[in-house]
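In case you want the letters, here they are:
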Protein chains: 2
Amino acid sequence: MTGRRPTLKDVSVLASVSIKTVSRVINNDPAVAAGTARRVQAAIEELGFRPDPVARSLRVGRDDAVGLIVENIADPFMSEVTCAVEEVARERGMFVVISSAGYAPENERVVVGGLANRRVAGLILTPTSGDHSYLAAERLRFPVVFVDRPPIQYDADTVVVDNEEGARVATAHLINHGHRRIAFVGDRLHIYTTRLRYQGFRSAMARAGLPVDERLVRVDAVGPENSAIAMTQLLELADGPTAVLSANYRSSLGVVRALHQSRRTDLAHVSFDDFTGAESLDPPVTVIYQDPRRMGRQAANMLFDRINGDTSPPRRVLLPVRLIVRGSGELPPPENA
Amino acid sequence: MTGRRPTLKDVSVLASVSIKTVSRVINNDPAVAAGTARRVQAAIEELGFRPDPVARSLRVGRDDAVGLIVENIADPFMSEVTCAVEEVARERGMFVVISSAGYAPENERVVVGGLANRRVAGLILTPTSGDHSYLAAERLRFPVVFVDRPPIQYDADTVVVDNEEGARVATAHLINHGHRRIAFVGDRLHIYTTRLRYQGFRSAMARAGLPVDERLVRVDAVGPENSAIAMTQLLELADGPTAVLSANYRSSLGVVRALHQSRRTDLAHVSFDDFTGAESLDPPVTVIYQDPRRMGRQAANMLFDRINGDTSPPRRVLLPVRLIVRGSGELPPPENA
DNA sequence: AGTAGGGTGGACAACGATGTCAAAGGAGGA
DNA sequence: TCCTCCTTTGACATCGTTGTCCACCCTACT
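Residues numbered from 1 in each chain as written. Chains lettered and ligands numbered in written order. Predicted model: local features only at pLDDT ≥ 70, side-chain atom pairs only at ≥ 80, totals over all residues. Heavy atoms only, no water.

## Looking at the overall build of chain A
Heads up, the condition is: Counting from the N terminus, the helices are the DSSP runs of H or I reaching at least four residues and the strands are the DSSP runs of E reaching at least two. With the radius of gyration taken over C-alpha atoms, the globule rule is written as 2.2 Å times the number of residues to the power 0.38. Burial here depends on accessible area, computed with a 1.4 Å probe over protein chains only, as a share of the maximum for the residue type. Under 20% is buried, over 50% is exposed, and the range in between is partly exposed. In these tables, accessible area is a Shrake-Rupley quantity obtained with a 1.4 Å probe, and a residue counts as shielded only by the protein chains included in the view. We count Lys and Arg on the positive side and Asp and Glu on the negative side, and we leave His and both chain ends out. A charged residue contributes its charge at one atom only: NZ of Lys, CZ of Arg, CG of Asp or CD of Glu.
Scanning chain A from terminus to terminus reveals twelve helices and twelve strands. Taking 337 residues into account, the globule formula puts the C-alpha radius of gyration at 20 Å, and chain A, at 26 Å, lies well above it. The proportion of buried residues among the 337 residues of chain A is 56%. Working note: accessible area of chain A is about 14700 Å², and carbon and sulfur atoms make up 50% of it. Across chain A, the centroid of the 41 positively charged side chains sits 7 Å from that of the 40 negatively charged ones.

See the structure below:
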């Protein structure tokens, strides 16, 4: 018991074979006689030998780990995606190292570099940078799969939900319940998901022949606090909205807060993306549900296929979303509207 | 442009010096003449050379990365802890690799081994296993800091919040508002945090000279669903509670759901741990707030101190919690109670 | 009997960095 | 002028693993 980890060499001495033979046994190389293999196995067990992944990485140029880069671990949607990726990786005997890029776009490149340097076998990336052409320049030695948002100036496998259709369904749902003055609350339009959801909103309004009052469109509300302010301002309008579509869970939290604080829980509301407690609110919040686990599993499976040699052209997978009716989205407009 | 990453060798050829001299420049070894250093620097820049952390790890035995192991990334409290750890690491120029152990206790050891093999310089661990004596046997070459829960059968730095005091404060708050029949809803008592919060609850009741009705203690409610069921059953009791303390955010979500579904939002409720949307509920939920960012920063700083050579005896840091009054915890008991 | 061939096993180099040690070169003193 | 000493630099081994290539031994065929 020296405190030093056993190495191939220690095993080889104990088993009276060469280092290389031990290496062969570990890698299931058939060119080892059964008796020798048994002896080596016994020595491995006795010493509790585990191959050193760092040395292996250096030699082979690849680790048995995949990287996952998220914008912010604390985002509940991405947390679920992460769990799903880990599940799939565990099934395949791979290790997942997670790293978060934060909201500074230039950070993404640093983090990608950090994981690339550590020789991950593949990468799942939630893009935050506005330009991924640097990935081509890096001549990555491993596949990359994008989740939640597509890459920009770069071509790779991508898994996204049908943001536009989801927003269209949500908006049509409100229209079907008699609403004509529908507000849209989201963060910035340069964010992919927000932009597509906004397009879906406009598209549904246009199909119903309804005008969009630009004063009811707030695509400047970053975070719950600003969304709450934006919603409060909308409520103060003389001819305010009778319904609101919030573009993501952070906006939704702000909208909900504003509605409760203003005691205007009579206003119809649909949230794009479910959030914790949405069903416990009064009224419970009707949402567009996007399945994070499915997204994670899909992305992970695509990544492992690539790692295992799939060289078909990059695919873009569009996952469906679905409306969960809970109450807030079915409130009628006031009589006099 | 070969697509191959430049190595020390490439730089040394370009700068017409030996590999070792380049290595010296990178590590700021003063024994390099200024002119040589400049030439080498220029070559480094020209090739865009970055030292390979894997090779460095192999030689030095340590990576510029620290590991963070959580039970489940999707837990919002741990997500915040994670963010804080990343912030501190970024300040110190270190990389964080996160890995989640899941709820199977035996997994913890596997994940610790995985990170140890990858030569992390230190580890922050949210323990899930019931016995950490294996850490002593592993003769880890790096320091470990425990967060949220202390280690078992092992001695190491630990950062936890004052669970018992928090629960005592919450319970006393309800008692001060006139409640005598207070229910406790949590998951299992073998979970450290639940156990201490339960002790705090009993301790506050005892101090007030109030009996604890065992039928009002539900420490068998794992997850929101079961907590909702438990709460519903409590409401059905002939002499049910007039107030409830929920032991964590998952239990709280269940309790809130049950209260809303039963239209019993008149029942007083304090949640141990804040949760998203708690302030938008009707009534807004009074909570015991434990500061995850502070916990993360504290743990990270302790870890980096250890990495930098601090060999003082292990410390246990107890972080304070605070009551956030929002409404649900101040509801009075019914008149006839 | 000699040799061809397949099944085994080992010696050696390599991955990319750093530690050890010694050599080269210039400055300064006797 | 020569020797010493210090600064600067490089050759080599090393970390733990795997790829390449070759040597050996036994069987089996000509």
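So that's the structure; there's more coming.
## Section: the packing of aromatic side chains
Test applied: Paired rings are identified among Phe, Tyr and Trp, the last through its six-membered ring, by centres lying within 6.5 Å, and are further divided according to the angle between planes into stacked (under 30 degrees), edge-to-face (over 60) and tilted (the rest).
Inspection of the entire model under this criterion finds eight aromatic pairs over all chains. Note on tyrosine 198 of chain A and phenylalanine 201 of chain A: the rings are 6.3 Å apart at their centroids and 25° apart in plane angle, and the pair reads as stacked. With a gap of three residues between them, tyrosine 198 of chain A and phenylalanine 201 of chain A both fall in helix α9 (residues 192-207), about one helical turn apart. Each member of the pair, tyrosine 198 of chain A as well as phenylalanine 201 of chain A, is classed as buried. Where phenylalanine 184 of chain B meets phenylalanine 201 of chain B, the ring centres are 5.2 Å apart and the plane angle is 35°; that geometry is what we call tilted. Remark: phenylalanine 201 of chain B occurs in helix α9 (residues 192-207) and phenylalanine 184 of chain B occurs in strand β6 (residues 182-185); sequence separation between them is 17 residues.

## Details of the sheet that holds β6 of chain B
All names here are of chain B. To be explicit about the condition: Two strands are counted as paired when DSSP detects at least two bridges linking them.
Read across the sheet, six strands follow the order β7-β6-β8-β9-β10-β12 without closing on themselves; strand pairing throughout is mixed. Either end of the sheet is taken by a strand with one partner, and the two such strands are β7 (217-218) and β12 (322-324). Pairing of β6 with strand β8 (residues 243-246), which is carried by four bridges, proceeds in the parallel orientation. Paired with alanine 183 across the two strands is valine 244, which belongs to β8.

## Topic: helix α5 (residues 76-91) of chain A
Keep this limit in mind: The span you would expect from a helix comes to 1.5 Å times its residue count less one.
Between its first and last C-alpha, α5 of chain A extends 23 Å over 16 residues, near the 22 Å set by a 1.5 Å rise per residue. Here α5 of chain A has its buried residues at Phe77, Met78, Ser79, Val81, Thr82, Cys83, Ala84, Val85, Glu86, Val88 and Ala89 of chain A.

## Some thoughts on the nonpolar core
For the record, the criterion: The set of buried Ala, Val, Leu, Ile, Met, Phe, Trp, Tyr and Cys residues whose side-chain atoms join them within 4.5 Å is what this entry labels a nonpolar core. We call two residues contacting when some pair of their heavy atoms lies within 4.5 Å.
In this structure, Val159 of chain A together with Val159 and Phe201 of chain B are the most contacted members of the largest nonpolar core, which totals 76 residues. For this core, the element with the highest residue contribution is helix α12 (residues 292-307) of chain A, accounting for seven residues. Setting aside chain neighbours within four positions, we find valine 159 of chain A in contact with Val145, Phe146, Val147, Asp148, Met295, Gln298, Ala299, Met302, Val317 and Leu319 of chain A.

## Looking at the interface of chain A and chain B
Short version of the rule: Two parts placed together each lose some accessible area; with a 1.4 Å probe, that loss summed over both constitutes the buried area. One speaks of a salt bridge when a side-chain nitrogen belonging to Lys or Arg is within 4 Å of a carboxyl oxygen belonging to Asp or Glu. Nitrogen and oxygen atoms within 3.5 Å of one another constitute a polar contact, given that in protein one can donate a hydrogen and the other can accept it, and given that sequence-neighbouring residues count only through two side-chain atoms.
The partner chain B presents 47 residues to the 46 residues of chain A that form the contact. The largest per-residue losses of area from chain A upon contact with chain B belong to Val54, Phe95 and Arg118 of chain A, which jointly make up 15% of the total buried on that side. Applying the counting rule to chain A against chain B returns six salt bridges. Note that aspartate 52 of chain A and arginine 119 of chain B form a salt bridge whose closest N and O atoms lie 2.7 Å from each other. The interface formed by chain A and chain B contains 13 residue pairs in polar contact (both at pLDDT 80 or more). Residue assignment for the side of chain A that touches chain B shows that the elements contributing at least two residues are α4 (53-60), α5, β2 (95-100), α6 (105-117) and α11 (249-261) of chain A.

## With respect to the protein's contact with DNA strand D
We apply this condition: Any residue with a heavy atom lying within 4 Å of a molecule or strand is counted as near it. Note that Gly is not counted as nonpolar here; it falls among the polar residues with everything else outside the nonpolar set of Ala, Val, Leu, Ile, Met, Phe, Trp, Tyr, Cys and Pro and the charged set of Asp, Glu, Lys and Arg.
Taken together, 25 residues lie around DNA strand D, and Leu8 and Ser23 of chain A together with Thr21, Arg24 and Thr36 of chain B are the ones closest in. Among the atoms of DNA strand D close to the protein, meaning within 4 Å, 63% are from sugar or phosphate groups. Side-chain polar atom of serine 23 of chain A to a phosphate oxygen of DNA strand D: 2.7 Å apart, as the coordinates give it. A distance of 3.4 Å is found between a base oxygen of DNA strand D and a side-chain nitrogen or oxygen belonging to arginine 59 of chain A. Secondary structure elements with two or more residues in the surface near DNA strand D: α2 (19-26) and α4 of chain A together with α2 (19-26) and α4 (53-60) of chain B. Considering each element in turn, the surface near DNA strand D owes the most residues, four residues, to α4 of chain A. Tallied by class, residues from the surface near DNA strand D come to eleven nonpolar, six polar and eight charged.

## Section: the protein's contact with DNA strand C
Contacts to DNA strand C come from 26 residues, most closely from Thr21, Arg24 and Thr36 of chain A together with Ser23 and Arg59 of chain B. Of all DNA strand C atoms lying within 4 Å of any protein atom, the proportion belonging to sugar or phosphate reaches 61%. Serine 18 of chain A has a polar backbone atom sitting 2.6 Å from a phosphate oxygen of DNA strand C. For the surface near DNA strand C, the elements supplying multiple residues, two or more each, are α2 and α4 of chain A together with α2 and α4 of chain B. In terms of residues, the surface near DNA strand C owes the most to one element, α4 of chain B, which gives five residues. In terms of residue class, the surface near DNA strand C is built from twelve nonpolar, six polar and eight charged.

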